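Below, each chain spelled out in residue letters.
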Amino acid sequence: LVQLSNRYLILPGMVDLHVHFRDWGLSHKETLEGGARAALAGGVVAVADMPNTSPHIRTAELYRKRVEQGSGLPILYKLHMGVPEKVAELDQARPRSVKIYPEDVARFGWQHVEKLAERCATLRCVLVFHCEDPAYFRNGERPPDAEVACVEKVRQIVHRTGARVHLTHITLPYTAEATRGWASVDATPHHLLLDVDNCKDPALCLVNPRLRTPEIRKRLLAALASGLIDIYATDHAPHTLEEKRSGNPPPGICSIDIALSLLLSLWKRGVVSLDDVVRLYSFRPSRLLGVDVDVARGLFTVVRLEEFEIRGSDFAGSCKFTPFEKFKAFGQVEATAVRGKIYFKTGETYSLQPPQ
Ligand code: NCD
Ligand code: ZN
Ligand code: ZN
């Protein structure tokens, strides 16, 4: 960490282990390029993309194709593989991580998940769970019980297989406590800062898992402050505004452009330290994904220590709306450096090669 006067801060580049860059059959929502622009605008140098694309990435062939496409982006691109129908597909793809959705559990059953866990224990992949047991879903509702029940199921699977497990976008302080010693966890900016009382727009605030009560949300924030949460990740999930304003809005919130600023606002409020910021949104996720993010390796972000008002219209990708609209945040990303280039907010790009 380098602080330049009281106005600028240089941090290692941020690493977001949960993003949806869409593209393919969903390119009307976002593209890989648009997602990468939004990441750079938010100080993020590496992402891990989710496999719920169209088609869903369940084969080694699709996995390779997508990774190949991502390798052309101006940021470091990683991908969580989707649950394959046949476990042997993992031997072909050799992914570092596999993402398990409640929809996968509903479709293939917990038995299949346990087989994946056995295979991953051998191949050393990480199982990344969207941990809500679909048996607890009731006519479109997804109560907190669904998270509690899933944690118990996953605990048993880890006990029996020894697989390495990460639970993404946890919403309950209970989950942070109950997983100590056998799983790592992350929390999103929206589950830490938004709740059913302070987020009122029914469409823009609709997300999986659901926002919780202020009481639960504040205890989740307290868990972050006390070091019980390992990683901070956005679940940046672009949809079009038309889809969000339709009679049947899809769940998902975009926040990669502002996630670092929201976290730095928690630093300003004294909730987390600057070391925590770097640990939560750079060091720990980079270790999980196996990327080496370091200022000295030219992967860094420059932040101006100043308050500003969040505006979706400033977002750099396709998704230009946010339930954080008009929120005051602290710490504007001025520039992000990756792969020998520095990208400024103004749109300028310079090569980091030494002058001839
Ligand atoms: C995700 C998406 O849009 O891909 N939406 C969300 O609300 N988090 C899918 C999901 O995680 O269910
Ligand atoms: Zn999810
Ligand atoms: Zn997601």
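Note that this is a predicted model, so its numbers are computed, not measured.

Trainee: Looking at this structure, I do not really get the overall build of the chain. What am I missing?
Mentor: A tally of regular secondary structure across the chain gives 11 helices and 15 strands. Computed over C-alpha atoms, the radius of gyration of the chain comes to 19 Å, within 12% of the 21 Å expected from 2.2 N^0.38 for 356 residues, which places it in the range of a compact globule. Buried positions account for 61% of the 356 residues belonging to the chain. Counting only contacts in the chain whose residues sit at least 6 apart along the sequence, the fraction spanning at least 24 positions is 70%. Averaging the locations of the 46 positively and 42 negatively charged side chains of the chain gives two centres separated by 2 Å.

Trainee: Explanation requested: the packing of aromatic side chains in the structure shown.
Mentor: Each aromatic ring pair is characterised by the separation of its centres together with the angle its planes make. Summed over all chains, the structure comprises 4 aromatic pairs. Geometrically, the ring pair formed by F324 and F327 is edge-to-face, given 5.2 Å between the ring centres and 85° between the ring planes. What makes F324 buried here is its relative accessible area of 0%. Classification of F327 as partly exposed rests on a relative accessible area of 29%. Just above the ring of W24 sits the side chain of K65; from NZ or CZ to the centre is 5.1 Å. Between K268 and the ring centre of F330, over which it is positioned, the NZ or CZ distance is 4.6 Å.

Trainee: So what exactly am I meant to see when it comes to the coordination of the zinc ion (ligand 3) here?
Mentor: Octahedral six-donor coordination of a metal ideally yields angles of 90 or 180 degrees, compared with 109.5 degrees for tetrahedral four-donor coordination. Only H18 (NE2), H20 (NE2) and D235 (OD) from the protein reach the zinc ion (ligand 3) as donors, at distances of 2.0 to 2.1 Å. Along the chain, the residues that donate to the zinc ion (ligand 3) are spaced as H-x1-H-x214-D. Separating the zinc ion (ligand 3) from the zinc ion (ligand 2) is a gap of 3.7 Å. Within this pair, whereas H18 is found in strand β3 (residues 14-19), its partner D235 is found in the loop between β11 (231-232) and α9 (241-244), the two being separated by 217 residues in sequence.

Trainee: Help me understand the coordination of the zinc ion (ligand 2), please; the structure alone is not making it clear to me.
Mentor: Donor atoms from the polypeptide that coordinate the zinc ion (ligand 2) comprise H130 (ND1) and H169 (NE2), at 2.1 to 2.2 Å from the metal. H130 sits in the buried class, given a relative accessible area of 6%.

Trainee: Can you walk me through the nonpolar core in this structure?
Mentor: Nonpolar side chains in soluble globular proteins generally cluster together in the buried interior. Formed by 108 residues in total, the largest nonpolar core has its most connected members in V47, L127, F129, V154, L167, L260 and Y281. What L260 contacts, discounting residues up to four positions off in sequence, is L11, M14, G42, V277, Y281, T301, V303 and V333. Counting residues in hydrophobic clusters, the runner-up holds 6 residues, among them I10, F300, A337 and I342.

Trainee: What is the right way to read the sheet that holds strand β10 (residues 184-187) from this model?
Mentor: For sheets, the rule is that strands pair by backbone hydrogen bonds, running either parallel or antiparallel. Taken in spatial order, the 6 strands line up as β6-β7-β8-β9-β10-β11 in an open sheet, and their pairing is parallel. Among the strands making up the open sheet, the edge pair consists of β6 (81-82) and β11. The pairing of strand β7 (residues 97-100) with strand β8 (residues 126-130) spans 4 bridges and is classified as parallel. In the strand pairing of β8, K99 is matched with V128.

Trainee: I tried to follow the side chain of D276 on my own but got confused; where do I start?
Mentor: Within the secondary structure, D276 sits in helix α11 (residues 274-289). Residue class for D276 comes out buried when judged on its relative accessible area of 17%. Here the side chain of D276 touches R279 through a polar contact of 3.2 Å, side chain to side chain.

Trainee: Help me out: how do you make sense of the packing of helix α4 (residues 102-123) against helix α5 (residues 144-161) in this one?
Mentor: Where α4 contacts α5, the two axes come as close as 10 Å, and the packing angle between them is 40°. Comparing the axis directions of α4 and α5 gives the class oblique. The two elements α4 and α5 meet at a crossing, and its hand is right-handed. Side by side, α4 and α5 meet where W110, V113, E114, A117, E118 and A121 of the first sit next to C150, K153, V154, I157, R160 and T161 of the second. Among the residues making up the contact of α4 with α5, the classes are represented as 7 nonpolar, 1 polar and 4 charged.

Trainee: Please explain the environment of R119 as it appears in this structure.
Mentor: Structurally, the position occupied by R119 is in helix α4. Residues within four places of R119 in sequence aside, it is in contact with V87, L90 and D91.

Trainee: Can you walk me through the site of ligand 1 in this structure?
Mentor: What surrounds ligand 1 is the set H20, R22, N52, Y101, H130, V207, N208, D235, A237, H239, P251 and G252. At 2.8 Å from an oxygen atom of ligand 1 is found a main-chain nitrogen or oxygen belonging to N208. D235 places a polar side-chain atom, nitrogen or oxygen, 2.8 Å from a nitrogen atom of ligand 1. Within the complex, 93% of the 320 Å² of free accessible area of ligand 1 lies under protein.

Cut-offs applied
- Residues numbered from 1 in each chain as written.
- Chains lettered and ligands numbered in written order.
- Predicted model: local features only at pLDDT ≥ 70, side-chain atom pairs only at ≥ 80, totals over all residues.
- Heavy atoms only, no water.
- Helix = DSSP H or I, 4+ residues; strand = E, 2+ residues; numbered from the N terminus.
- Rg over C-alpha atoms; globule rule 2.2 N^0.38 Å.
- Buried < 20%, exposed > 50% of the residue type's maximum accessible area, 1.4 Å probe, protein only.
- Contact = heavy atoms within 4.5 Å.
- Lys, Arg positive; Asp, Glu negative; His and termini not counted.
- Charge placed at Lys NZ, Arg CZ, Asp CG, Glu CD.
- Phe/Tyr/Trp six-rings, centres within 6.5 Å; stacked < 30°, edge-to-face > 60°.
- Lys NZ or Arg CZ within 6 Å of the ring centre and 35° of its normal.
- Donors = N, O, S within 2.8 Å, 3.2 Å for Na, K, Ca; no water.
- Core = buried A, V, L, I, M, F, W, Y, C linked by side-chain atoms within 4.5 Å.
- Pairing = 2+ DSSP bridges.
- Polar contact = N/O pair within 3.5 Å; in protein donor to acceptor, adjacent residues only side chain to side chain.
- Axes fitted to C-alpha atoms, helices over the stretch in contact; angles between N-to-C directions.
- Parallel < 35°, antiparallel > 145°, perpendicular 65-115°, else oblique.
- Left-handed = near helix turned anticlockwise from the far one by under 90°.
- Nonpolar A, V, L, I, M, F, W, Y, C, P; charged D, E, K, R; others polar.
- Near = heavy atom within 4 Å.
- Areas by Shrake-Rupley, 256 points an atom, 1.4 Å probe, with all protein chains shown as cover.

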